[in-house]
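# Architecture and fold: a report
Below, each chain spelled out in residue letters.
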Amino acid sequence: MFKNSKLFLLLVRSPLPLMIFILLPAALILSSVLHFSLPFRVTQRLLLGNNICLLLFLTARFFYYLSGLRKKLRYGETAHPSSAALTSVIPVEQVRAELSKVGFCWNDSDSYAEKHDRGYFGTVLIYGGLFLLLFIGTWENLSQFSGTTIHGIGIPADLSKPGAYSMLSMGILASNSDLPKLEVTKQVFANSTYKKGASDITLWPKNDGKPIRTMIIGAGDPYQYKGFDIYLAKQLVDVSLSLKSSKDRNKVFYYDSVKLSPLWKKEGDYSMYGTFRTMDGYDGEAFYNPDNGTFKFSLMHEGKTVLDSEYVLYQYREKVIGDFVMSLEALGNWSEIHVVHRRHMELLWVGGIIALLGLLLRIVIRPQRVWIEAGDEGSSRVWAAGDEAKKVVR
């Protein structure tokens with residue numbers, strides 16, 4: 001019969017199909033951790049297709065095992081164990097009767113019996129938990145929204161427009177049309193109250209009516225708005241640095257912006273840090289103390305320090321330091337704000353816990369199954385799987 005065929009057993013019982021679908025995400029994770037290249041390109045669409053196929057597979061298995069709860073025979077008549085059979089002088093009919101007394105159910109041909117056990121429900125929980133886990137994860141992937149907007153004090157940014165973000169990732173079912181406008185009204189650099197800085201923001205409706213909300217958001221402290229988390233990642237400083245030769249003002253070593261981010265731990269009085277590199281191969285470092293507007297720049301060339309000096313903002317137009325003339329052309333203070341569609345982590349935990357409980361139940365309570373054949377001269381041959389079944393048979 002089809003239910004006992006190798007193909008059917010492979011689809012509903014073997015762990016091999018599950019392992020096939022796990023290979024792709026496992027290879028991607030290992031390539032990232034161990035830093036090796038895969039022979040093929042793993043795209044988001046490929047991962048999504050893999051997850052959907054795995055979800056369909058888990059759904060089929062879950063409903064198959066769930067339907068088995070109402071069946072007389074849950075595990076089915078598969079081949080008996082490869083171990084040697086126990087030969088008994090007791091007639092087959094008597095063995096069947098004794099097993100029936102302790103709750104074993106027989107198939108139509110009375111050649112196979114099994115006892116209902118709670119471990120089978122553990123299998124249902126395993127696939128139910130994995131189904132919930134993957135379903136929520138796939139849905140989150142389809143509806144994911146993660147945007148980064150780098151915004152200064154000034155005109156509000158419309159968070160419902162893709163152009164408001166410097167970095168944007170959206171799932172095919174994602175929508176940000178309900179997001180408001182965001183205005184930064186004040187920026188606070190790292191201090192004793194806000195270790196990584198903070199920003200005063202105002203949320204405005206699209207029709208420019210009354211403000212929705214005015215608040216202070218600290219780094220990593222999200223404000224929840226209609227299923228989205230709006231939070232400050234960090235405060236940034238963007239300074240335009242000019243380095244010229246003091247001997248020949250037409251010779252420019254560097255003329256570009258230097259981007260500084262908060263340090264995890266202060267370097268003396270400096271709380272922000274950035275690096276830059278000139279076209280001539282000079283490696284530079286920049287430190288900034290926003291409390292008093294003091295910068296510190298250093299420049300290395302071929303392992304030697306060729307420039308190391310402080311620069312106080314607005315104190316002078318330019319500063320001559322040895323062979324260099326330094327000036328700061330402009331300074332920008334920016335708030336890096338992230339807008340992320342909130343994930344249902346609680347449901348993911350519930351799915352994982354259900355699957356784990358099912359696995360423990362399945363490990364602790366093993367199936368109790370018996371196969372029987374008539375032997376010579378009224379004897380019987382019996383194979384048993386499970387401690388209780390073996391004990392009863394003996």
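Residues numbered from 1 in each chain as written. Predicted model: local features only at pLDDT ≥ 70, side-chain atom pairs only at ≥ 80, totals over all residues. Heavy atoms only, no water.

This part takes up the packing of aromatic side chains. Enumeration over the complete set of coordinates arrives at 20 aromatic pairs. Aromatic side chains Phe 145 and Tyr 165 sit 5.6 Å apart centroid to centroid with 80° between the ring planes, which places their arrangement in the edge-to-face category. Of this pair, Phe 145 sits in strand β4 (residues 145-151) while Tyr 165 is found in the loop between β5 (157-158) and β6 (167-170), placing the two residues 20 residues apart along the sequence. Accessibility classification places Phe 145 together with Tyr 165 in one group, the buried group. Relative to Tyr 282, the ring of Phe 253 lies with its centre 5.7 Å away and its plane at 75°, an arrangement referred to as edge-to-face. With a gap of 29 residues between them, Phe 253 in strand β12 (residues 252-267) and Tyr 282 in the loop between β13 (270-277) and β14 (283-289) connect regions that are remote in the sequence. Take Phe 253 and Tyr 282: they sit in the same class, and that class is buried. Here the guanidinium or amino end of Arg 96 rests over the ring plane of Trp 106, the centre of that ring lying 6.0 Å away. (Phe/Tyr/Trp six-rings, centres within 6.5 Å; stacked < 30°, edge-to-face > 60°. Helix = DSSP H or I, 4+ residues; strand = E, 2+ residues; numbered from the N terminus. Buried < 20%, exposed > 50% of the residue type's maximum accessible area, 1.4 Å probe, protein only. Lys NZ or Arg CZ within 6 Å of the ring centre and 35° of its normal.)

Attention now goes to the pattern of salt bridges. The final tally for this structure, using the stated rule, is eight salt bridges. As a salt-bridge pair, Asp 229 and Arg 342 come within 3.2 Å of each other at their nearest N and O atoms. In this pair, Asp 229 is assigned in strand β11 (residues 228-245) and Arg 342 in the loop between β18 (324-341) and α6 (345-364), connecting sequence segments 113 residues apart. Classification of Asp 229 as buried rests on a relative accessible area of 15%. For Glu 318, the salt bridge goes to Arg 249, with nearest N and O atoms at 3.1 Å. Placement of Glu 318 in the loop between β16 (304-312) and β17 (319-321) and of Arg 249 in the loop between β11 and β12 is noted, with a sequence separation of 69 residues between them. (Salt bridge = Lys/Arg side-chain N within 4 Å of Asp/Glu carboxyl O.)

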